[in-house]
Amino acid sequence: MSATSTTTSTTTRPGAAALRRGGGALLGVLATLLLASVVSFVVLRAVPGDPARLIVGPLATPDVLAGVRTQLGLDDPLWLQYLRYVRDFATGQWGYSYSNGADVTAVMAARLPATLELALWAFLFAVVGALVVATVASFRGGAVAAAAKVVSLIGLGTPQFWVALVLILVLGSGGLGVLPGPSGRLTSFLEPPPHVTGLYTVDGLLAGQPIVFSDALAHLALPAISLAIIPGAFLTRLLTANQLDVARAPFVTVVRSKGVSRWAAHRRHVLHNALLPSVSSAGLVLASLITGSVLVESVFNWPGIGQVLVQGIQRQDFAVVQAFVLLSAVLYVAANTVADLAVALIDPRLRVSGGSR
Amino acid sequence: MKGTRVQAATAVGLLAALAVLAVAGLLLRETAIAVDVSQALQPPGSEHWFGTDAQGRDVFARVAVGTSIALASGLGTVAVGGGLGLLIALVCGLGPRWLDAVLVRLLDAVMAFPALLLALAVTMAFGTGLLTALLGVVVTVVPVFARTLRAEARRATSEPFVQAARTIGLSTPRIAVRHVVPYLGTTFSVQTAANVGNVILVLSGLSFIGVGAQPPTPEWGAMITDGLQNALTGQWWTGVFPGLALLVTVVAVNLLADSIPAVRAARLARRRGARPPASAAPVVVGSEPVPAASAKEA
Amino acid sequence: MSTTTAAAATTEAAPAALSAKGLRVAYGDVEVVRGVDLVVRPGERVGVVGESGCGKSTVALALMGLLAAGGSVTGGVVSVSGTRVDYRDEKALDRMRGSQLSLVFQDPLTSLDPVKSIGAQIAEALRRHSPRTSRAAVRARCAELLTAVGVPEPERRLKQYPHEFSGGMRQRALIAIAVANDPAVLIADEPTTALDVTTQAQVVDLLDSLVDRLGVAVVLVTHDIGLVSEFCDRVLVMYAGRVVEEVPSTALFGGAAHPYTRALLESLPVPGRPRGEDLAWIPGAPPPLAALPPGCSFAPRCTWAQPECAAGTPPRVVVPGAPGRGAHEVHAAECRRALEVVTSGRPADRQEEPRG
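Residues numbered from 1 in each chain as written. Chains lettered and ligands numbered in written order. Predicted model: local features only at pLDDT ≥ 70, side-chain atom pairs only at ≥ 80, totals over all residues.

**Remarks on the overall build of chain C**
For clarity, the cut-off: The helix and strand labels rest on DSSP assignments: H or I over at least four residues marks a helix, E over at least two residues marks a strand, and numbering proceeds from the N terminus. Our radius of gyration is a C-alpha quantity, and the globule rule it is checked against amounts to 2.2 Å times the number of residues to the power 0.38. Our contact criterion uses C-beta atoms placed from the backbone: two residues qualify when those atoms are within 7 Å.
Scanning chain C from terminus to terminus reveals eleven helices and twelve strands. Its C-alpha atoms give chain C a radius of gyration of 21 Å, within 12% of the compact-globule value 21 Å for 356 residues. Each principal axis of the C-alpha distribution contributes one length, and for chain C these read about 65 × 50 × 40 Å. Sequence-distant contacts, at least 24 apart, represent 64% of the contacts inside chain C between residues at least 6 apart.

Laid out in structure tokens, this is it:
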């Protein structure tokens, strides 16, 4: 007794079709980025008044002003200005921040580690929290699932800057004082650890300074929680929905028919299958973290790029705003691209082009 | 399902209460900006339910006015943005293919910017203030509606009723208005509900940063900014109450939005009459179809 | 040791591979299986046939303890290889599933985890019941199983994913998973419905050879009465949650004792009939289980029905002289007029007007 004869497998040549698909996707990404830069350019040129004045600030002298005007090429046709704008952005020339007294790139680079650390910890809280809640909710079902749904709906509607306020009032310096309130990244008398990554927690561990590590972590707690709420709620909803979907699939019953316990089946099969589609939401999570950092950092006196933006807005420092906004779009597109790539690599169904028998 | 009905009812109840508060706010506009430094930073009490802020203004009145601003802004921006999005969706769905392709890319490009930041950029470009903030938010809402409705519109064009309309010679705009728009009705209302909450959050975020409503306008975000300054000295009420109102409003809207699909489905099932007794409709995984509640051939 | 009930055990030495007496299953307050008796000897092939909605698949899932949410076994005594099954004990059920009682599902396309290799999924069945087996031994056994079910190049195939297998091959893999631990009984729920005819035949051949080689008993649940008569030793016909006829397959075509079975057989298209002749069919529809008619549930559609049929539950009539292989292979039907039905040579009256 033989099985149905199989056609020639194409597993040995996944390259061709995948490359074509990848090439198309890449073009799409570039197109989106380009259009995003157009949007950004148009919006910022919509500024009534003199863009040069905005760049140099209200206190600059007429010579500086004139110099900037020529530098920006404001007398050139718009399309030329746009090309210059794109070129400058792509090469990292993001202008000069008069309120910070340095190039925008330098300012951003200096402040990035703080935001990165905050975002990473917030992401960690959000993902772990979401995984736990979603798995328990989808496994137990019933009242637990309903409660989780309501809680995540509330979470999605929470203003992060207000939560920050409440946390400070309850746990921070305004209340119980259990955790440091709005006082930056480290208690004032502590020295930051030797710079390796710029992340105080990581560097503190690497340098074997447990006190610095724990202090940095304590300072991270409240801002990271504030930041984690919205992405956490979003991920909870997503993971719960995905797991509930997968749990209904016939193959899960087949797994149970092997004698595998309900929890083991959920852990090994439901969770695994539910995580895959969740990866595609990486871009949304990133956007949420960026937005959140803008709102939360100033509350906690956190010296990251979010605070830079807010200060830039308040000081009418246009160069900073311009760079930040376009950067966020680029990061979003990049995150989505990476996520899609990751899914393509991980999902066995997509790895083989066309599928063979 | 029972749970969804409770959810929808709660949401409606909360929104009704907020609507009342908003109406109260319309009447309290004078009180909300009445400065009285002698009464500054009074804790909540019988005279001032939510206390007073640093300039002696009654916080409750300010929260109430803020409610009216939030609700009006939220609904207004979503209505305008949704309308524009609908237009674009119709163009994409019923117009030439190349235009659709271009517009889709453009919409994706706009959606690559996080809403707050895009609105921020627009607001800064046109000058800070509540109106420009609203404009910025509208800009972020349009592509969301356009994309979702476009998908539906494309689906509609392959539906028999649209093709039938074409064959009898109806012009495209006519088809659009008389046939496609009603088809999109459900999606439109679902999207509206889903977006109002977010819009209100973004607006508050903008004024929190300082580019939205300007003082003395009692927008919640701006009030929370003030509240922060008072937080460390113990006057928690100036920031907590406005934020609470914000939280309740957004959550109520989201709860309502979340319950719409389920309520709709239940209503449709009831209308069709084939309301299967919940217990006699086993969804047996893998094999057994629903046992005969309807005629089956032998 | 043995707690088997019923007379079936008295003449045979070994306990029944599977014994279900008075099985009742309900979803909420609707009873969908209303007292089903099913006894399967070791190595026996039993068929369970009926229309969609008669409860046959529910019986299969209920026996495995895998009813969907809302369903539960509300009555009956079930034993597997002599051991009583307690459907409230999840741990005991987990131990029983896959090792003593296995189930092969209907749709091979959705019955395998798409992101795990075939090998991993077969290994899961093995490791669950033999956790201390070495990786190499498990792998060898998996290859062995794939060969046993007729999948060539097993080493290569084990590393592949379900989407790289055809429908027929996936069904074979599922069968491999089901027999991995040498269960006493294999329940196959519509194993061929989703396959094309050629593959169907191959899968049935496979099941056949597995029964011969492994000695596993097979319960074949299907709507295809032709299939069961070929493959099975005994056939149980279900209608509206009850077994209305139990018959050795050799006696099936000539002497069905229940009007429903008779009608089912007659509705089979027979090649060679004159053109233009209507296909026979059973008018009406199965009754809703939440609102069964009084008395015999088939009476409203039955051409043999009499007023007494609606009065009370039909008696179980044993047809004498059934050419079965043992005392347990009875031929019985739940019909007052069973003996008449069996002896009547001509087909049941057909209505002249197609639409009733």
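There is more to say, and it comes next.
**Observations concerning the environment of Leu156 of chain A**
With respect to the element layout, Leu156 of chain A can be found in helix 6 (residues 142-156). Considering only alpha carbons, one finds Leu156 of chain A and Val166 of chain A, ten residues apart in sequence, at a separation of 17 Å. The residues contacting Leu156 of chain A, other than those within four sequence positions of it, are Ile230, Ala233 and Phe234 of chain A together with Asn254 of chain B.

**Description of the sheet that holds strand 12 (residues 332-334) of chain C**
Residues and elements named next belong to chain C. The following threshold applies: Note: two strands are recorded as paired if DSSP finds a minimum of 2 bridges between them. Between the N-to-C directions of two axes lies an angle of 0 to 180 degrees, each axis being a line fitted to C-alpha atoms and, for a helix, fitted only over the stretch in contact.
The strand order 6-7-8-3-9-10-12-11 describes an open sheet built from eight strands, whose pairing is mixed. On the outer flanks of this sheet lie strand 6 (101-104) and strand 11 (316-318), each paired with one strand and no other. Between one strand and the next, the sheet's axes are offset by a mean angle of 20 degrees, whatever the strand orientation. Here strand 6 runs beside strand 7 (residues 185-189); their pairing, made up of four bridges, is parallel. Residue pairing across strands places Leu103 opposite Ile187, the latter belonging to strand 7. Along the sheet face, helix 7 (residues 167-179) touches strand 6 and strand 7 and points at about 170 degrees away from the line of strand 6.

**Some details on the pairing of strand 2 (residues 30-40) of chain C**
Residues and elements named next belong to chain C. Put simply, the test is: Once C-beta atoms are placed from the backbone, each residue is buried if 20 or more other C-beta atoms lie within 10 Å of its own, exposed if 12 or fewer, and partly exposed for counts between those two.
The buried fraction of strand 2 is high, at eight of eleven residues. In this structure, strand 1 (residues 18-27) lies alongside strand 2, joined through eight bridges in antiparallel fashion. Of the residues in strand 2, the one forming a bridge with Ala20 is Leu38.

**Things to note about the confidence of the model for chain B**
This is how the line gets drawn: A residue's pLDDT is the confidence the predictor assigns to it, expressed on a 0 to 100 scale.
Considering every residue of chain B, the mean pLDDT works out to 81; 90% of them sit at 70 or more. Below a pLDDT of 50 lies the segment residues 274-298 of chain B, which in the model reaches 64 contacts outside its immediate sequence neighbourhood of four places, other chains included.

**Re the interface of chain C and chain A**
How we decide: Residues are grouped as follows: Ala, Val, Leu, Ile, Met, Phe, Trp, Tyr, Cys and Pro are nonpolar; Asp, Glu, Lys and Arg are charged; every other residue, Gly included, is polar.
With 38 residues of chain C at the interface, the matching set in chain A holds 26 residues. Those elements that provide at least two residues to the side of chain C that touches chain A are helix 3 (90-96), strand 6, helix 4 (118-129), helix 7 and helix 8 (197-214) of chain C. Its residues assigned to classes, the side of chain C that touches chain A shows 15 nonpolar, 13 polar and ten charged.

**Side note on the environment of Val33 of chain C**
Residue and element names in this part refer to chain C. With respect to the helices and strands, Val33 occurs in strand 2. The spacing of Val33 and Pro191 is 158 residues in sequence and 21 Å in space, taken between C-alpha atoms. When neighbours within four sequence positions are excluded, Val33 is seen to be in contact with Leu23, Arg24, Val25, Gly55, Thr58, Val59, Ala62 and Gly241.

**Let's talk about the interface of chain A and chain B**
The interface of chain A with chain B comprises 42 residues on the first partner and 43 residues on the second. The element best represented in the side of chain A that touches chain B is helix 1 (residues 15-45) of chain A, accounting for seven residues.

**Remarks on the sheet that holds strand 4 (residues 71-80) of chain C**
All names here are of chain C. A sheet is described by the order of its strands in space; here four strands give the open sequence 2-1-4-5, paired in antiparallel fashion. This sheet does not close on itself; its edge strands, each paired only once, are strand 2 and strand 5 (83-84). Bridge count between strand 4 and strand 5: two bridges; the pairing is antiparallel. Opposite Val80, over in strand 5, you have Thr83 as the bridge partner.

**Some points on the packing of helix 7 (residues 160-167) of chain B against helix 8 (residues 172-209) of chain B**
All names here are of chain B. So the rule is basically this: Every angle not falling under 35 degrees, over 145, or within 65 to 115 is termed oblique; those three ranges are roughly parallel, roughly antiparallel and roughly perpendicular. With the far helix as reference, a near helix turned anticlockwise by less than a right angle produces a left-handed crossing, and one turned clockwise produces a right-handed crossing.
Contact geometry of helix 7 with helix 8 gives a least axis separation of 10 Å together with a crossing angle of 155 degrees. Classified by the angle between their axes, helix 7 and helix 8 sit roughly antiparallel to one another. Every pair of crossing elements has a handedness; the one defined by helix 7 and helix 8 is right-handed. Residues Phe161, Val162, Ala165 and Arg166 of helix 7 touch helix 8, and the partners they reach there are Ile175, His179 and Val180. Of the residues belonging to the contact of helix 7 with helix 8, the class tally is five nonpolar, one polar and one charged.

**Thoughts on the domain arrangement of chain C**
All names here are of chain C. To keep things clear, this is the line we draw: Boundary definitions for the domains trace back to an automatic or database domain assignment.
Domains assigned within chain C are domain 1 (5-239) and domain 2 (242-343). For domain 1 versus domain 2, the separation of C-alpha centres amounts to 27 Å. Of the residues lining the interface, 25 residues belong to domain 1; the matching set on domain 2 comes to 25 residues. With eight residues, strand 2 is the largest single contributor of residues to the side of domain 1 that touches domain 2.

**Here we look at the nonpolar core**
Applicable threshold: When buried Ala, Val, Leu, Ile, Met, Phe, Trp, Tyr and Cys residues are joined through C-beta atoms within 7 Å, the set is termed a nonpolar core.
Residues Leu165 of chain A, Ala119 and Ala121 of chain B together with Ile122, Ala176 and Val185 of chain C are the most contacted members of the largest nonpolar core, which totals 286 residues. The dominant element in this core, judged by the number of residues it contributes, is helix 9 (residues 210-247) of chain A, at 16 residues. Taken domain by domain, this core gets at least three of its residues from each of domain 1 (5-239) and domain 2 (242-343) of chain C. For Val185 of chain C, the residues in contact, after removing those within four places along its chain, are Ala17, Leu18, Val40, Val80, Leu101, Val216, Ala217 and Val219 of chain C.

**Some points on the environment of Leu220 of chain A**
Note on placement: Leu220 of chain A falls in helix 9. The class for Leu220 of chain A is buried, based on 26 C-beta atoms found within 10 Å.

**A few points about the packing of helix 8 of chain B against helix 9 (residues 220-231) of chain B**
All names here are of chain B. Close contact between helix 8 and helix 9 brings their axes to 6 Å; oriented N to C, the two are set at 40 degrees. Compared by their axis directions, helix 8 and helix 9 come out oblique. In this structure, the crossing between helix 8 and helix 9 has a hand that is right-handed. Side by side, helix 8 and helix 9 meet where Leu203, Ser204, Gly205, Leu206, Ser207 and Phe208 of the first sit next to Trp220, Gly221, Ala222, Ile224 and Thr225 of the second.

**Section: helix 10 (residues 259-266) of chain C**
Residue and element names in this part refer to chain C. Of all eight residues that make up helix 10, six are buried, and the element is covered over most of its length. When helix 10 is considered as a whole, its buried residues turn out to be Pro259, Tyr260, Thr261, Arg262, Ala263 and Leu264. Tucked into the core, helix 10 has its buried residues touching helix 9 (225-231), strand 9 (234-239), strand 10 (242-248) and helix 11 (338-343).

**Regarding helix 2 (residues 56-64) of chain C**
With nine of its nine residues buried, helix 2 of chain C lies for the most part within the structure. Where helix 2 of chain C terminates, the next one or two residues include Gly65 of chain C, which has phi positive at roughly 75 degrees.

**Some remarks on unusual backbone geometry**
Residues and elements named next belong to chain C. With phi around 50 degrees, Glu153 is a residue other than glycine that occupies positive phi space. Along the chain, Glu153 turns up in the loop between helix 5 (135-148) and helix 6 (154-158). Residue Glu190 is not a glycine yet carries a positive backbone phi of 50 degrees. Note on placement: Glu190 falls in the loop between strand 7 and helix 8. Its 23 C-beta neighbours within 10 Å are what place Glu190 among the buried residues.

**Looking at the pairing of strand 7 of chain C**
Residues and elements named next belong to chain C. The element strand 7 is extensively covered by neighbouring structure, given that five of its five residues are classed as buried. Residues Val185, Ile187 and Asp189 point to one face of strand 7 and Leu186 and Ala188 to the other, with burial holding for every one of them. Sheet topology places strand 7 next to strand 8 (residues 217-222); five bridges connect them, and they run parallel. Residue Asp189 lies in a different strand from strand 8, and its bridge partner there is Val221.

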